[in-house]
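Close look at the chain arrangement
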Amino acid sequence: MAEKGHPAAPENVSPERFKPYVADEDNIAEFSIKAVFLGSLFGIIFGASTVYLALRAGLTVSASIPIAVLSIAVFKRIGKSTILENNIVQTIGAAGESIAAGVVFTIPALIFLYQGEQFFRYGQILILSLIGGILGVLFMIPLRRSLIVKEHGVLPYPEGTACAEVLVAGERGGALAQKVFAGLGIAVLYKFLMSILGLWKEVPTFVTSRSSQFPNGTINGEITPEYLGVGYIIGQRIAGSMFAGGMLSWLVLIPLITIFGDKLQETLKPGWGDKLISQMDPVEIYRGYVRYIGAGAVACSGVITLLRSLPTIISSFRDSLADFSTQSRQASLVSKRRTERDIPITYVVGGSAGLALLMSILPQIPGHFPGSLIMSVLIVVFGFFFVTVSSRIVGIIGSSSNPISGMTIATLMATCLIFVAIGWSGPDYQAVALCVGAIVCIAAANAGATSQDLKTGYMVGATPIRQQVGLIIGVLVSVAAIGGTLLLLHHSAYGPIGSVKLSAPQATLMSTIIKGMLSRELPWGLVIIGVFVSAVLELCGVKSLSFAVGAYLPLSTTSTIYAGGLVKALVDKLSRKKDADETELSSGMLYSTGLVAGGSLGGIAIAVFAGVKEGYLAQLFNVGAKLHLEEKLGGGADLLALAAFTGLALFLYRAARQEN
C-alpha cells in the first residue's frame with residue numbers, strides 16, 4: 001500500500017500526503033447491484049440479531065468488520081469482487097446494527113410511560129427509526145472533512161481502521177489475510193469454548209467482603225476477544241484513561257457509598273427499587289447511584305468536546321458552502337476528485353429540515369401541531385450536537401464502547417428541563433420527551449457507525465457520495481426488520497419487554513429518568529457530581545472524555561480493553577518503537593482486527609443460538625453447566641478463566657511480535 005497515516009499518531013497527517021489503497025484516478029466497480037443486495041441482506045440479518053442481543057443484555061457488538069469478512073468470503077464463493085464493492089456491502093449492512101442499538105435502548109421505554117404503549121406499534125417504531133437513522137447520516141456529511149480527513153492521524157476510529165485492514169487483507173490475500181483470519185479463528189474458537197461449552201467463566205470477578213474495611217470493592221472483566229482486540233488497536237494511553245474512570249466508579253465510589261450507606265435505615269433515592277443500601281450488591285449500587293454520576297461526567301465531557309470541535313465544524317460547513325456557491329452541482333461533481341465528492345450541502349440542509357417538519361405533523365407521533373414544532377427543534381439541535389460528539393468518541397475508543405445511552409440521558413435531561421420550564425410537566429408529555437431522546441439516540445448511534453464506515457472508505461479509496469447513499473439505503477432496508485423483530489420478541493415466549501428474559505436495561509433507565517424529571521424527582525446532585533469530576537480533570541490538563549466514558553461503562557468492559565492496551569505497550573517496548581510507529585498493516589494490528597471480527601461474529605451467533613427453542617440448544621451444549629464446573633472449582637473458576645484469557649493475550653503478543 002502507498003503511504004498511509006498512523007491511527008494512533010498524536011499529530012495530523014496532511015490530507016495531501018495521504019494515499020488511499022485505491023488511487024483517486026482509478027475507477028473500479030463500487031456501487032454495483034450485487035454489492036447493494038448483499039449489503040441490504042446483511043443489514044436485515046444483523047439488525048434483527050442486534051435487537052435480540054440488546055434486549056437480553058443491554059449491549060451490542062459492532063457489525064462492520066464481521067460484514068466485511070462475510071462479504072469477502074461470499075464473493076469469493078460466487079464470483080470476483082473489488083475492494084470497493086466489499087466496502088459498500090459493509091457500509092450498507094452495518095446500518096442495521098447501529099440503528100437497532102439506538103432503537104432498543106430507547107423506544108421500548110414507551111411501554112413503561114404514561115399512555116406510551118399506544119405508540120409502541122410497528123408504524124411508530126418504523127417512523128422513529130427512519131427519521132433518526134437518516135438524520136444520523138445527513139448530519140455526518142458536513143463533518144466528514146473535519147473529522148475523517150483533516151484529523152486522520154489524530155482520531156484512529158478503531159473499527160473503521162480495522163475494517164479497512166480486513167478489506168485490504170482480503171484483497172491482497174497471502175500473509176496479510178492469514179494474520180486477520182488467524183485472529184478470527186482463535187476468537188471464534190475461544191468464544192465457542194467459553195460461551196457455548198461453558199468451560200470457563202465469561203466474567204471472572206473479585207468483590208471484597210461487605211464486612212471488611214473496604215466493602216464492595218469490585219474488580220472484574222468480560223474476557224472477550226473483541227474487547228482485547230479493541231484495546232490493542234486504541235493503545236495503552238486511551239485504554240488506560242478509560243480504565244481509570246472505571247476504577248473511580250468501582251473501587252472508589254461504590255465502596256464509599258457502601259461505607260456511608262450501610263447504616264441508613266431508609267431508602268436513599270434514586271436507589272434500586274425499594275432496597276436499602278445495606279441490601280444492595282455492587283451492581284445495584286452502580287445502577288442506582290454511580291451511573292448517574294457517570295452520565296453527568298459524559299455530558300460535561302461532551303459539551304467540552306463540542307466546544308473544542310467548533311472551529312473544525314465551522315470550517316467544514318464553510319468549505320461545503322463555498323464549494324456549492326462557486327460552482328453548479330454538476331460542475332462541482334465533475335471537477336472534484338472522486339474521493340472528495342459528498343452529497344451536496346443543500347440536500348443535507350433541506351433533507352434535515354424536511355424530516356424535522358415531518359416529525360411535527362405526523363399524527364402517529366406523540367404531540368400536537370404547532371406545539372410539536374418544539375420537539376422538532378430539539379431533535380435538530382440535540383441531534384447535531386450528539387452526532388458530533390458521537391463521531392469524536394468513536395474516533396477515540398471505537399463504536400463498541402460508544403456511550404450512546406449516556407448521550408441519550410443528557411438529551412432527556414435537557415429536554416425534560418425545557419418541558420418543565422414551559423409548563424409541560426404532566427404525564428402526558430412523557431412519551432413526547434422519549435421520542436426526542438429516541439431520535440437523537442438513533443441518530444447518534446448511526447452517526448458513530450457512519451463515521452467508522454467513512455473512515456474505512458477514506459483509507460481504501462471509496463467515493464464518499466456512494467457510501468452516503470449506501471448508508472441511507474441501509475437505513476431504509478434494515479428498519480423494517482428491526483421494528484418487526486422488536487414486536488415479535490415483545491409478544492413471544494420471551495416477552496413481554498421488561499421481563500427477566502427481555503429486561504431491556506437501557507430502556508428501563510430512560511423511562512426512569514423521564515418520569516423522575518417531569519415529576520421533579522431526578523437526583524441532580526449525583527449528575528452534578530459527575531459534571532465536576534470531568535471539570536476537575538480538565539482543569540488538571542487531562543482530557544476527560546475517555547475517563548468519563550470509563551466511569552459510565554461497567555469495569556468489566558474497560559478492564560479487558562486495558563489488557564489489550566497493555567499488550568500493545570509491551571510489544572512496543574520490546575520492539576523499541578513508539579505507539580505511532582505501528583502501521584495499520586502491522587502483524588499486531590491485523591491480528592487484533594481478526595480478534596474483533598471473530599469475537600463480534602461469535603457474539604452474534606451465540607445470541608441467535610441461545611434463542612433457538614428458548615435456549616434449548618444452548619443448555620444442551622453447555623458442558624460447564626452440566627458438570628457444575630463453577631460450583632466444583634469455587635474460587636478456582638476465576639483463576640481458570642484468567643488463565644484462558646492470558647492464553648488469548650499471549651497469542652496476540654506472539655502474533656504482534658512476528659514480522660509480516
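Residues numbered from 1 in each chain as written. Predicted model: local features only at pLDDT ≥ 70, side-chain atom pairs only at ≥ 80, totals over all residues. Heavy atoms only, no water.

A look at the packing of aromatic side chains
Put simply, the rule reads: Each pair of aromatic rings taken from Phe, Tyr and Trp, with Trp reduced to its six-membered ring, is defined by centres within 6.5 Å and is described as stacked if the planes are under 30 degrees apart, edge-to-face if over 60, and tilted in the remaining cases. We count a stretch as a helix when DSSP gives it H or I for four or more residues in a row; a strand needs E for two or more, and each element gets its number in order from the N terminus. The classification of residues rests on relative accessible area computed with a 1.4 Å probe and restricted to protein chains. Under 20% of the type maximum is buried, over 50% is exposed, and intermediate values are partly exposed. Definition used: whenever NZ (Lys) or CZ (Arg) falls within 6 Å of the ring centre and also within 35 degrees of the ring normal, the charge is taken to sit over that ring.
As enumerated under the stated definition, the model contains 9 aromatic pairs in all. Pairing Phe243 with Tyr562 gives two aromatic rings, centres 5.0 Å apart and planes at 10°, and the pair type is stacked. Highlighted residues: Phe243 in helix 9 (residues 236-261) and Tyr562 in helix 20 (residues 555-575), separated in sequence by 319 residues. We classify Phe243 as buried; its relative accessible area is 18%. A residue is classified by how much of its surface remains accessible, and Tyr562, at 21% relative accessible area, is partly exposed. For the ring pair Phe419 and Tyr429, a centre distance of 6.5 Å and an interplane angle of 65° mean the geometry is edge-to-face. With a gap of 10 residues between them, Phe419 in helix 14 (residues 404-421) and Tyr429 in the loop between helix 14 and helix 15 (430-460) connect regions that are remote in the sequence. Taking the relative accessible area as the measure of exposure, Phe419 reaches 0% and is therefore buried. Among the aromatic residues, ring-to-ring pairing joins Phe419, Trp424 and Tyr429 into one connected group. In this arrangement the basic side chain of Lys34 is found over the ring face of Phe75, its NZ or CZ atom lying 5.2 Å from the centre. Its guanidinium or amino end placed over the ring of Tyr232, Lys568 lies 5.9 Å from that ring's centre, counting from NZ or CZ.

Quick look at the packing of helix 15 against helix 16 (residues 464-490)
For any two helices packed against each other, the geometry is given by the interaxial angle and the distance between the axes. We count it as follows: Whenever a helix is involved, its axis is fitted only over the stretch in contact; in every case the axis is a line through C-alpha atoms, and angles between N-to-C directions fall within 0 to 180 degrees. For any pair of crossing helices, the crossing counts as left-handed if the nearer helix is rotated counterclockwise from the farther one by less than a right angle, and right-handed if it is rotated clockwise. The contact criterion used is simple: two residues touch if any of their non-hydrogen atoms lie within 4.5 Å. Side-chain classes follow a simple rule in which Ala, Val, Leu, Ile, Met, Phe, Trp, Tyr, Cys and Pro form the nonpolar group, Asp, Glu, Lys and Arg form the charged group, and the remainder, Gly included, forms the polar group.
Helix 16 packs onto helix 15 with a crossing angle of 145° between their chain directions and a minimal axis gap of 11 Å. Seen from above, helix 15 lies across helix 16 with right-handed handedness. Here helix 15 contributes Asn446, Thr450, Asp453, Leu454 and Gly457 to the contact with helix 16, which in turn contributes Gln467, Gln468, Leu471 and Val475. Taken together, the residues of the contact of helix 15 with helix 16 sort by class into 3 nonpolar, 5 polar and 1 charged.

Focus on the packing of helix 4 (residues 122-140) against helix 12 (residues 345-361)
Using the following cut-off: Between 65 and 115 degrees an angle is taken as roughly perpendicular, under 35 as roughly parallel, over 145 as roughly antiparallel, and anywhere else as oblique.
Running from amino to carboxyl end, helix 4 crosses helix 12 at an angle of 155°, the nearest separation of the two axes being 10 Å. Between helix 4 and helix 12, the angle falls in the class roughly antiparallel. The two elements helix 4 and helix 12 cross, and the hand of that crossing is left-handed. For the pair helix 4 and helix 12, contact is made by Leu128, Ile131, Ile134, Leu135, Leu138 and Phe139 and by Val348, Gly351, Ser352, Leu355 and Met359, respectively.

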